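Structural overview
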Amino acid sequence: MKKILITGGAGFIGSHVIRLFVNKYPDYHIYNLDKLTYAGNLSNLTDIENKSNYTFIKGDITDEKFITELFTTISFDSVIHLAAESHVDRSILQPMEFINTNILGTAILLNAAKAIWKETQTAKNVFYHISTDEVFGSLGQEGFFTEETPYDPRSPYSASKAGSDHLVRAYHHTYDLPVIISNCSNNYGPNQFPEKLIPLMIHHIKNNKPLPVYGKGENIRDWLYVIDHARAIDTIFHHGTHGETYNIGGINEWKNIDLIYLLCNIMDKKLNRPDGTSAELITFVKDRAGHDMRYAIDPGKLQKTLGWSPSLQFEEGLSLTVDWYLENEGWLNEVTSGNYLKYYDQQYNKR
Ligand code: NAD
Ligand code: TYD
């Protein structure tokens with residue numbers, strides 16, 4: 001049985017990847033390693049937690065002794081690495097957590113994989129790093145990020161992900177470690193922690209709270225439904241070429257303010273409110289420091305070489321996402337019940 005370690009599997013994207021792999025590959029044993037930070041919730045995985053090919057391990061990727069022992073004990077065949085601090089606003093407030101988890105944590109995992117695969121490396125082994133398009137920096141009105149775009153990260157978050165990408169590539173060139181990297185655009189969908197734009201807006205619209213739009217709301221993001229990202233990860237993990245990078249994106253660019261109006265319209269209908277009610281909550285607030293203007297991915301390499309393409313239209317994905325949040329009030333209350341939001345409130349004064 002192939003033993004696959006997935007890190008960060010209790011988080012937003014990781015939980016969808018775990019579900020896909022556990023259900024689709026009964027011949028693999030999937031190990032989910034997660035520290036369960038504020039962003040990791042085992043309730044994301046209740047439907048698969050009792051499957052015989054699934055094991056949860058609570059642990060910290062920055063704990064070198066623990067990680068080294070874990071790899072020696074279980075001898076994983078492959079690693080799909082998603083564990084990270086992932087929110088740009090938090091990285092502006094607390095950069096060291098990002099540097100520790102994203103850079104040091106990745107280095108510790110690379111060393112552990114290198115140590116166990118050194119003697120016995122086979123075609124089954126791969127260290128697959130899940131990264132972001134934010135490593136490429138900020139685009140103007142024209143152009144797209146390709147796999148050849150030079151790295152130009154601008155936030156502590158994107159700089160820490162760029163640092164981890166560089167380490168992954170360096171371990172391939174220096175030690176011949178079999179690695180793959182993918183850089184994906186903004187994800188949305190069920191189970192996303194309500195500090196990121198789409199779930200935060202859904203949460204606030206539902207509760208009639210102000211909708212904080214940074215700056216003029218003119219920044220552009222390229223949105224992809226999380227299950228399409230999980231499908232891309234499955235494709236790249238199984239068919240990608242070692243040493244290569246793949247860009248993943250939805251070819252779906254939206255100005256923040258247009259997206260927020262669309263969401264307000266969808267929610268007015270679903271909540272039986274008169275048209276225009278939710279949009280009255282829109283509030284322009286101070287811009288994010290160093291706010292990247294535009295991200296847009298050219299996913300041509302992945303489409304042409306591995307045949308992946310997004311399956312959902314944005315309006316359909318957004319509607320499914322809104323339905324999920326409206327139907328899962330218990331989840332929303334559970335994940336927002338700690339004191340991390342209080343701390344966050346004080347900084348941004350937006351809730
Ligand atoms: P998330 O914040 O929802 O989840 C991160 C998970 O990592 C959580 O379960 C958390 O408990 C775990 N974690 C954090 N620190 C850890 C540590 N030290 N040890 C073990 N586990 C730890 O993040 P996400 O949005 O699901 O993103 C997952 C990955 O995908 C990240 O690497 C992120 O950079 C990347 N990514 C995210 C997006 C996006 O739009 N969300 C887009 C492209 C790439
Ligand atoms: P976010 O979901 O934090 O993703 P990222 O910054 O990694 O792209 O933010 C998406 C966009 O929405 C970004 O341009 C910042 C903006 N934004 C707001 O205007 N208000 C908010 O409350 C949040 C969280 C984000």
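Look above for the structure.
Residues numbered from 1 in each chain as written. Chains lettered and ligands numbered in written order. Predicted model: local features only at pLDDT ≥ 70, side-chain atom pairs only at ≥ 80, totals over all residues. Heavy atoms only, no water.

1. Thoughts on empty space enclosed by the protein
- Taken as a whole and assessed by the stated rule, the structure comprises two cavities of 30 Å³ or more.
- Lining the second largest cavity are Val88, Glu134, Ser155, Arg288, Gly290, His291, Asp292 and Tyr295.
- For the lining of the second largest cavity, a count of residues per class yields two nonpolar, three polar and three charged. (1 Å grid on protein atoms, 1.4 Å probe; cavity = no way out; pocket = protein on both sides within 12 Å on 5 of 7 lines; lining within 4 Å. Points joined across faces, edges and corners; volume = space filled by probe spheres on them. Nonpolar A, V, L, I, M, F, W, Y, C, P; charged D, E, K, R; others polar.)

2. Things to note about the pairing of strand β2 (residues 28-34)
- Of all seven residues that make up β2, seven are buried, and the element is covered over most of its length.
- Residues Tyr28, Ile30, Asn32 and Asp34 point to one face of β2 and His29, Tyr31 and Leu33 to the other, with burial holding for every one of them.
- Examined bridge by bridge, strand β1 (residues 2-7) and β2 share six bridges and lie parallel to one another. Counted as the bridge partner of threonine 7 is leucine 33 from β2.
- Taken together, β1, helix α1 (residues 12-24) and β2 constitute a β-α-β crossover, and its handedness is right-handed. (Buried < 20%, exposed > 50% of the residue type's maximum accessible area, 1.4 Å probe, protein only. Helix = DSSP H or I, 4+ residues; strand = E, 2+ residues; numbered from the N terminus. Pairing = 2+ DSSP bridges. Right-handed = clockwise from strand over helix to strand, strands pointing away.)

3. What to know about unusual backbone geometry
- At serine 75, a position not held by glycine, the phi torsion is positive, near 55°.
- Its relative accessible area of 35% is what places serine 75 among the partly exposed residues.
- At asparagine 272, a position not held by glycine, the phi torsion is positive, near 55°.
- Relative to the elements of secondary structure, asparagine 272 occurs in the loop between α8 (256-270) and β12 (282-285).

4. Focus: the pairing of strand β8 (residues 211-214)
- Both faces of β8 are covered, namely the face carrying Leu211 and Val213 and the face carrying Pro212 and Tyr214.
- Bridge count between β8 and β12: four bridges; the pairing is parallel. Bridge pairing in β12 places valine 213 opposite phenylalanine 284.

5. Some remarks on the nonpolar core
- Within the largest apolar cluster, 32 residues are counted, with the highest numbers of intra-cluster contacts made by Ile198, Leu211, Leu263, Phe314 and Leu318.
- When residues of this core are assigned to their parent elements, the largest contribution, eight residues, is made by α8.
- Beyond its immediate stretch of four places on either side in the chain, phenylalanine 314 contacts Tyr188, Ile198, Trp223, Asn252, Trp254, Leu259 and Leu262.
- Ranked by size, the runner-up nonpolar core spans 29 residues in total, among them Ile6, Leu45, Tyr54 and Val126. (Core = buried A, V, L, I, M, F, W, Y, C linked by side-chain atoms within 4.5 Å. Contact = heavy atoms within 4.5 Å.)

6. Focus on the packing of aromatic side chains
- Under the defined criterion, the tally for this structure stands at 17 aromatic pairs.
- With a centroid separation of 5.4 Å and 85° between ring planes, the pair formed by phenylalanine 136 and tyrosine 151 is classed as edge-to-face. A residue pair is termed long-range when its members are at least 10 positions apart, and phenylalanine 136 in the loop between β5 (126-132) and α5 (156-175) and tyrosine 151 in the loop between β5 and α5 qualify at 15 residues.
- Where tryptophan 254 meets phenylalanine 314, the ring centres are 5.2 Å apart and the plane angle is 40°; that geometry is what we call tilted. Of this pair, tryptophan 254 sits in strand β11 (residues 253-255) while phenylalanine 314 is found in helix α10 (residues 314-327), placing the two residues 60 residues apart along the sequence.
- Of the aromatic side chains, those joined through ring pairs into one cluster are Phe21, Tyr25, Tyr28 and Phe237.
- A cation sits over an aromatic face here: arginine 294 above phenylalanine 144, 5.7 Å from the ring centre. (Phe/Tyr/Trp six-rings, centres within 6.5 Å; stacked < 30°, edge-to-face > 60°. Lys NZ or Arg CZ within 6 Å of the ring centre and 35° of its normal.)

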